[in-house]
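# Residue-level structural notes
Each chain, letter by letter, is given below.
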Amino acid sequence: MSTTPEPKDAAASMPPLIPTQSGTLELHDITIVDQSKLKKAISAAALGNAMEWFDFGVYGFVAYALGKVFFPDASPSVQMIAALGTFSVPFLVRPLGGVFFGVLGDRFGRQKVLSTTIIIMAVSTFCIGLIPSYDSIGIWAPILLLLCKLAQGFSVGGEYTGAAIFVAEYAPDRKRGFLGSFLDFGSIAGFVLGAGVVVLLQSILGEDRFVEWGWRLPFFMAAPLGFLGLYLRHAAEETPAFQQQLEMMEREDQEDVENRPRVSFKEIATRFWRPLLICVGLVLTTNITYYMLLTYMPSYLTHNMHYAEGHGVLIIIAVMIGMLFVQPVIGMASDRFGRRPFVLFGSVALLVLAVPCFRLIISGEIGLIFLGLFILAVILNAFTGVMASTLPAMFPTRIRYSALASAFNIAIILAGLTPTIAAALVDSSGNLYIPAYYLMLVAVIGIVTGIFMKETANRPLRGATPSASSKKEARELLVQTYEHIEQSVEDIDAEIARLQVQIQALEVRKQQYVDLHPKLG
């Protein structure tokens, strides 16, 4: 007897329903985004992200000085690995911060949580500059450094995902890619600022005074940046999507709402395993490339290529300034051509060009070094230009913060180990191409992710109504949404027809079994 394929879950592949006030989607159900509120939201989110990456940038560029201050008895190689290891260890607590702030963000709102994370981040970064050296307090110096980095890791666990959600839930559907790209624009700008401050202080103070006390000054800058970010986030209002979620809950029976069971991570993992895996793949691909290029490469150029600290930093700064111009272009293009093409293009380019780029980097000629790094930077832009608009679109509003923060920060543990692992492998093997091979492995993850991810450009966030920047655009979106609904209905009809054929085949098979049994026939 022939076998019959197992039925698939038809509903699982269908797009989520859009909440409406009257049951039928009408023009008044489409959110018209207030442009002034939108600008405040983008500024507040991008500045907080800039401060986070300002610290990462500073830490990467002064890792050699921190190694001398906090691990003075070690060899230069061990100093570098130890300093970068202190950078990597806090990533272990980021999932805890992600779960903690994710639950709070889904319950109390995105704006309140982001105001809290930026305070913790600013205070912990400022305190790094206050820590005495190893010569002054011994083993307590690296311990205090680690505690400050752990506090940073906990707060950052809710920072990027919260900021990405904040921007995505505010942005109109047709501009989400462009506006979301400014989140990582803030990241790159924070790196540039951190690197620029380090170079300026090195040139003014000289090597000895910078290692003695000048390295502390960039960390003190976290205080004014933190106050500014807190002011902007406090002034920003809650996102329209979260407000819609609250209104929907208020329309339901209040007793049922209050007694509604919380969604556990196990349930999220069971129901949303596919977007969780895609989220992990995209975060790994983006952030391993990010940390390899912008955190590890300054140390690689100094320690392995024997460049003066200032020269290596200047090259990275020039590369990052170029990235600032490419970043919003990628975001804007993704609104027109989609997010998936850029993930696939970046991954294939990384697989093919990683080794040639490192051949240019280790050539020893400044022009070729810059070219190799800039090619890798443009590839990185292909990921960062779409990540902030892609990730929030994978989950519905009621669990968006919890699910995204959990998946993001689990992936970031592996990504955060990149500088330490790369430094250790290069030092133990002596092979300067190890970072290229590392990136090629990551590129394979990116290609698989790009193949399986669904396109989210120009579509409403899951569980939210469409959003537009004007009434004219709202009318166009309504027509477009009707077309998507019509297509979904046709897909469901086709799926029903396919299942009916399977049901008929199963009925025939059932009858064959019944005929074989004397008491069932």
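Described in the following lines is the structure provided in the data block. Keep in mind it's a predicted model, so treat the numbers as computed, not measured.

### So, the overall build of the protein
Helix and strand counts for the protein come out as 22 helices and 2 strands. Evaluated residue by residue, the protein yields a buried proportion of 54% over its 521 residues. Contacts in the protein between residues far apart in sequence, at least 24 positions, make up 86% of those at least 6 positions apart. Of the roughly 22800 Å² of accessible surface on the protein, a fraction of 66% belongs to carbon and sulfur atoms.

### A closer look at the packing of helix α4 (residues 94-108) against helix α7 (residues 140-156)
The N-to-C vectors of α4 and α7 enclose an angle of 40°; their axes lie 6 Å apart at closest approach. What the angle tells us is that α4 and α7 run oblique. Our pair here, α4 against α7, has a crossing hand that is right-handed. For the pair formed by α4 and α7, the contact residues are R94, L96, G97, F100 and F101 on the first element and G153, F154, S155 and V156 on the second.

### Here's the deal with a nonpolar patch on the surface
Nonpolar side chains collect at one region of the surface, where V348, L351, V352, L353, V444, V448, I451 and F452 lie side by side and expose about 640 Å² of accessible area between them. Counting residues per element, the ones that place at least two in the nonpolar patch are α17 (340-361) and α21 (434-452). Following the sequence through the fold, V352 ends up in helix α17.

### Concerning the side chain of S347
You can see S347 is positioned in helix α17. The class of S347 is buried, set by a relative accessible area of 0%. In this structure, S347 is in contact with T285, F383, A443, G446 and I447, ignoring residues within four places of it in sequence.

### Side note on the environment of F54
Assignment of secondary structure puts F54 in helix α1 (residues 35-61). Distance from F54 to A222, taken between C-alpha atoms, is 8.5 Å for residues 168 residues apart in sequence. Not counting chain neighbours up to four residues away, the residues in contact with F54 comprise G190, F191, L193, G194, V197, P218, M221 and L225.

Reading the values: rules and limits
- Residues numbered from 1 in each chain as written.
- Predicted model: local features only at pLDDT ≥ 70, side-chain atom pairs only at ≥ 80, totals over all residues.
- Heavy atoms only, no water.
- Helix = DSSP H or I, 4+ residues; strand = E, 2+ residues; numbered from the N terminus.
- Buried < 20%, exposed > 50% of the residue type's maximum accessible area, 1.4 Å probe, protein only.
- Contact = heavy atoms within 4.5 Å.
- Areas by Shrake-Rupley, 256 points an atom, 1.4 Å probe, with all protein chains shown as cover.
- Axes fitted to C-alpha atoms, helices over the stretch in contact; angles between N-to-C directions.
- Parallel < 35°, antiparallel > 145°, perpendicular 65-115°, else oblique.
- Left-handed = near helix turned anticlockwise from the far one by under 90°.
- Patch = residues over 30% accessible without salt bridge, like charges linked within 9 Å, V, L, I, M, F, W, Y side chains within 5 Å.
- Salt bridge = Lys/Arg side-chain N within 4 Å of Asp/Glu carboxyl O.

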